[in-house]
Amino acid sequence: MNLLLFRVLIVSIVFCAGCASLPDNDGIEKSYSLTASSQALLSQLSESNLSSLSHDSGFIMMVDGVDAFIARLALAHEAQNSIDAQYYIWHDDLTGKVLLNELINAADRGVRVRLLVDDINLSSARDKGVALIATHPNISVRVFNPFSRNSNRTLQLLTRYGDVTRRMHNKSFIADGRVSIIGGRNIGNEYFSANPLLEFGDLDVFAIGQVVEQVASVFDLYWNSSLAYPIEALRSEKLSPETILEKREELIRFVKSKQQSPYASRAREATLLTQLKENKLLFHSGEAEVFYDLPEKLVSDRSQTELHLSHNLSSHTLAVKDEMLIVTPYFVPGKEGIAYFKQLKNRGVDVKILTNSLASTDVSIVHAGYKTSRKALLKAGVELYELKANLAVAPSPDKRSTGSSKASLHAKTFALDRQSLFVGSLNLDPRSFVENTEVGMLIHSPDIANMLGELFDSKLPEISYQLTWDERSNKILWKESLGDRKKIYDYDPKTSWWLRRWVDFMSLFPIESQL
């Protein structure tokens, strides 16, 4: 009987694998970035600010979540020609709905909107929502590296393992071909300080000038890839005009109902919004290079590193002379990463890394891949810091009360000799380097790079634990600064015994390549 069940299971899996087919996408219609005329508002914003800068591009570093949301909302509101948005995740929550509504408003004005999303966060309900958006004559939606709609998604994770498990992790927003936002944020409440339970510490770059052309060309590359499927090609169901109108009115009612919410009040008081209204945006001058994985990375052999972002970026990281400062939420260096950091230390380079603690991480299994590397890194002289989880105090988007929110690091950035700063979607883990596609920009500007330097110089004792290796006890110790006194832990601070044991158990398995 057991043998019969086993055979049935195998036949079922093989059958489902055969059903997991995708429509032909070779004849995908190509389109390209549009640049607004010099009379457009965003063109004038760009040109007026570039005229006072000494380099061909200007940058605003957006650390504050509300500012980051306002920036996207304002660009969508003011765009006159085109909006291109590419995201790994777009949540169906307050910030996701409000921004989506603004994209539709822009399309109503005649703005061409192209929305490219990864398929990891879609479901049958979300599929329908995305298809509804795409019924607008000025909006096109494409889904990157999709699951088949003819087979169960969970089964496809087994039958198409190594295919659908490789995802488009890119995040970018471009308005009128004149202004771009690139960085670590997806679209959702936790990325924009609107989630009362979780607040991601993240980083985006608001950019004008020559670098925007580079960001736009990367978007075009992905949009025109054969891996980007029009949502209409994945769904056979046709939506009635009545359904389309009903859902549009439902979204409008939702947005109106939130106009007096605490989060909306905070958004109206955002620093960036005030600067936009008064035309007093403070751009830092610099030059930048955009680094990106080629879309073909997801369907190519993992040994083809010429397709990888890291292949081109490595000439810069290997040339560092004095100091490398790293902020990464998910840190799984593996043997190659440990060897690289040891090489830097042997050359006299100071290496300082801020990552999540076990208490602050939102993906504890990743910590299992990181914890096995800590001893070797500390003994090599690398300075390790882990973020405290109890830093955030975030107001609820729907209630008048405030409360403690778990802080979790999500920014992906590093500084090279305080001369250049990289900002993007790239985590320092095998999934980012080998499995997923990523994008980011390396900004050549000492002023901008020193912003990260100032964080490491003055803020780390306040926001993190410093790790040290204690030879006498043969243990890692966590040092917490509490004003004029110190507290020492010999285990991951603010975590339960059960969580630590679970991470210990998971670290026994060879799962690093998927973290």
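Bear in mind that the values here come from a model prediction, so they are computed numbers and not experimental data.

A.B. asks: Describe the overall build of the protein, naming the residues involved and giving the relevant values.
C.D. replies: Counting secondary structure elements, the protein contains 18 helices and 21 strands. Relative to the 2.2 N^0.38 estimate, which gives 24 Å for 515 residues, the radius of gyration of the protein is 23 Å and therefore close to what a compact globule would have. Over its C-alpha atoms, taken along the principal directions, the protein stretches across nearly 75 × 75 × 50 Å. Residues classed as buried in the protein amount to 55% of the 515 residues present.

A.B. asks: Just give me the short version of helix α13 (residues 334-346), but keep the residues and values in it.
C.D. replies: With 13 residues, α13 should reach 18 Å at 1.5 Å per residue; the first-to-last C-alpha distance of 18 Å fits that figure. When α13 is considered as a whole, its buried residues turn out to be G334, G337, I338, Y340, F341 and L344. One side of α13 holds all its buried residues, which, seen down the axis, span an arc of 160 degrees. Facing away from the buried side of α13 by over 90 degrees, the exposed positions are K335, E336 and N346. Buried-residue contacts for α13 involve α12 (309-317), β11 (323-327), β12 (350-356) and α15 (374-380). Within two residues after α13, G348 carries a phi angle of roughly 90 degrees, on the positive side.

A.B. asks: Describe in detail the pairing of strand β3 (residues 112-118), supporting the description with residues and values.
C.D. replies: Within β3, six of the seven residues are buried, which leaves the element mostly enclosed by the surrounding structure. Note that strand β2 (residues 82-87) and β3 share six bridges and pair parallel. Note that in β3 the partner of A85 across the bridge is L115. Sheet topology places β3 next to strand β4 (residues 139-144); six bridges connect them, and they run parallel. Pairing of D118 across the sheet is with F144, part of β4. The parallel pair β3 and β4 is bridged by helix α5 (residues 124-134), and the resulting crossover is right-handed.

A.B. asks: Lay out the pattern of salt bridges in plain terms, naming residues and giving numbers.
C.D. replies: Enumeration according to the criterion identifies 26 salt bridges in this entry. Among the ionic pairs, D127 bridges to R149, the shortest N-O distance being 2.8 Å. One end of the pair, D127, is in helix α5; the other, R149, is in the loop between β4 and α6 (153-159), and 22 residues separate them in sequence. Note that R501 is salt-bridged to D504, the shortest N-O span being 2.9 Å. A residue pair is termed a helical-turn pair when its members lie 3 or 4 positions apart in one helix, as R501 and D504 do in helix α18 (residues 497-506) at three residues. Overlapping salt bridges bring together D84, R112, R114 and D220 as one network.

A.B. asks: Tell me about the environment of G162, residues and numbers included.
C.D. replies: Secondary-structure assignment places G162 in the loop between α6 and β5 (172-175). Exposure remark for G162: the relative accessible area of 22% places this residue in the partly exposed category.

A.B. asks: Before we move on, can you summarise the packing of aromatic side chains with the specific residues and values?
C.D. replies: Counted under the stated rule, the structure contains 14 aromatic pairs. Seen in terms of ring centroids, F331 and F341 are 6.1 Å apart; in terms of plane orientation they differ by 70 degrees. Their pairing is edge-to-face. Taken as a pair, F331 in the loop between β11 and α13 and F341 in helix α13 lie far apart in primary sequence, 10 residues in all. You'll find F331 and F341 in the same group, each marked buried. Through pairs of rings, three or more aromatic residues link up here, namely F331, Y340, F341 and Y370. Over the aromatic face of F254 sits the side chain of K97, whose NZ or CZ is 4.4 Å from the ring centroid. Sitting above the plane of the Y465 ring, K388 keeps its charged end 5.9 Å from the centroid.

A.B. asks: Describe the nonpolar core, and please don't skip the residues or the numbers.
C.D. replies: Of all hydrophobic cores here, the largest spans 67 residues; its most connected members are L75, I83, W90, V141, F173, F206 and F283. Other than its neighbours up to four places away in sequence, V141 contacts L115, V130, I133, A134, W223, Y229, P230, I231 and E232. Residues W223, L409, A411 and M441 belong to the second largest nonpolar core, which totals 42 residues.

A.B. asks: Break down unusual backbone geometry for me, citing the residues and quoting the values.
C.D. replies: Glycine aside, negative phi is the norm for most residues, and most peptide bonds take the trans geometry. Notably, D176 is not glycine yet its phi reads approximately 55 degrees, a positive angle. Tracing the backbone through its elements, the reader meets D176 in the loop between β5 and β6 (179-183).

A.B. asks: Any details on the confidence of the model for the protein? Residues and values, ideally.
C.D. replies: Confidence in the prediction for the protein averages 90 pLDDT; 92% of positions are at 70 or higher. The low-confidence segment residues 4-18, where pLDDT is below 50, has five contacts with residues more than four positions distant or belonging to other chains. Every residue in residues 393-404 is under pLDDT 50, and counting partners more than four places away or in other chains gives 27 contacts.

A.B. asks: Which residues make up the packing of helix α14 (residues 364-371) against α18, and what are the values?
C.D. replies: Closest axis-to-axis distance for the α14/α18 pair is 8 Å, and the angle between their directions is 60 degrees. Looking at the two axes, α14 sits oblique to α18. In the packing of α14 onto α18, the handedness of the crossing is right-handed. Taken together, the residues of α18 that come into contact with α14 (itself represented by S364, I365, H367, A368 and K371) are L499, W502, V503, D504 and M506. In terms of residue class, the contact of α14 with α18 is made up of six nonpolar, two polar and two charged.

A.B. asks: I'd like a rundown of the pairing of strand β13 (residues 383-387), residues and numbers included.
C.D. replies: The buried fraction of β13 amounts to four of the five residues, a majority that puts the element mostly inside the structure. For β12 and β13, the ladder comprises five bridges, and the chain directions are parallel. Note on β13: the bridge partner recorded for N356 is L387.

A.B. asks: Got a sec to walk through the side chain of S82? Specific residues and values, please.
C.D. replies: Here S82 shows up in strand β2. Setting aside residues up to four positions removed in sequence, S82 forms contacts with L34, V111, R112, I174, A175, D176 and G177.

A.B. asks: So what's going on with the environment of A106? Residues and values would help.
C.D. replies: Here A106 is to be found in helix α4 (residues 94-108). A106 sits 33 residues away from I139 along the chain, and the two C-alpha atoms are 9.6 Å apart. Excluding residues that lie within four positions of it along the chain, A106 makes contacts with A76, I83 and V111.

The rules behind the values
Throughout, a residue's number is its position along its own chain's written sequence, starting from 1. Residue-level local features of this predicted model are given only where pLDDT is at least 70; pairs of side-chain atoms are given and counted only at 80 or more, and the full residue set underlies all totals for whole chains, interfaces and linings. Side-chain metrics rest on all non-hydrogen atoms present in the structure, leaving aside hydrogens and water. Put simply, DSSP H or I for four residues or longer makes a helix, DSSP E for two residues or longer makes a strand, and each gets a number counted from the N terminus. Radius of gyration: C-alpha atoms only; globule rule: 2.2 Å multiplied by the number of residues to the exponent 0.38. Only protein chains enter the accessibility calculation, which uses a 1.4 Å probe; a residue whose area is less than 20% of its type maximum is buried, one above 50% is exposed, and one in between is partly exposed. A helix is expected to reach a length of 1.5 Å times the quantity of its residues less one. For this quantity, the arc is that covered by the directions from the helix axis to the C-beta atoms. Whether two residues touch is decided by their heavy atoms; if any such pair falls within 4.5 Å, the residues are in contact. A strand pair is defined by DSSP finding two or more bridges across the two strands. A crossover counts as right-handed when, viewed with the strands pointing away from the observer, the path leading from the first strand over the helix to the second turns clockwise. When a carboxyl oxygen of Asp or Glu is within 4 Å of a side-chain nitrogen of Lys or Arg, the pair counts as a salt bridge. For Phe, Tyr and Trp, rings pair up if their centres lie within 6.5 Å, where Trp contributes its six-membered ring, and each pair is then called stacked (planes under 30 degrees apart), edge-to-face (over 60) or tilted (otherwise). Working rule: Lys NZ or Arg CZ, within 6 Å of ring centre, within 35 degrees of ring normal, means a charge sits over the ring. Among buried residues, the Ala, Val, Leu, Ile, Met, Phe, Trp, Tyr and Cys ones that are joined through side-chain atoms within 4.5 Å form a nonpolar core. A score from 0 to 100, pLDDT tells how confident the predictor is in each residue. Each axis is a line fitted through C-alpha atoms, and for a helix only the stretch in contact is used; angles between axes span 0 to 180 degrees, taken between their N-to-C directions. Under this scheme an angle from 65 to 115 degrees is roughly perpendicular, one under 35 degrees roughly parallel, and one over 145 degrees roughly antiparallel; angles in between are oblique. Take the far helix as the reference: if the near one is turned anticlockwise from it by less than a right angle, the crossing is left-handed, and if turned clockwise, right-handed. Three categories are distinguished: nonpolar for Ala, Val, Leu, Ile, Met, Phe, Trp, Tyr, Cys and Pro, charged for Asp, Glu, Lys and Arg, and polar for the others, with Gly belonging to the last.

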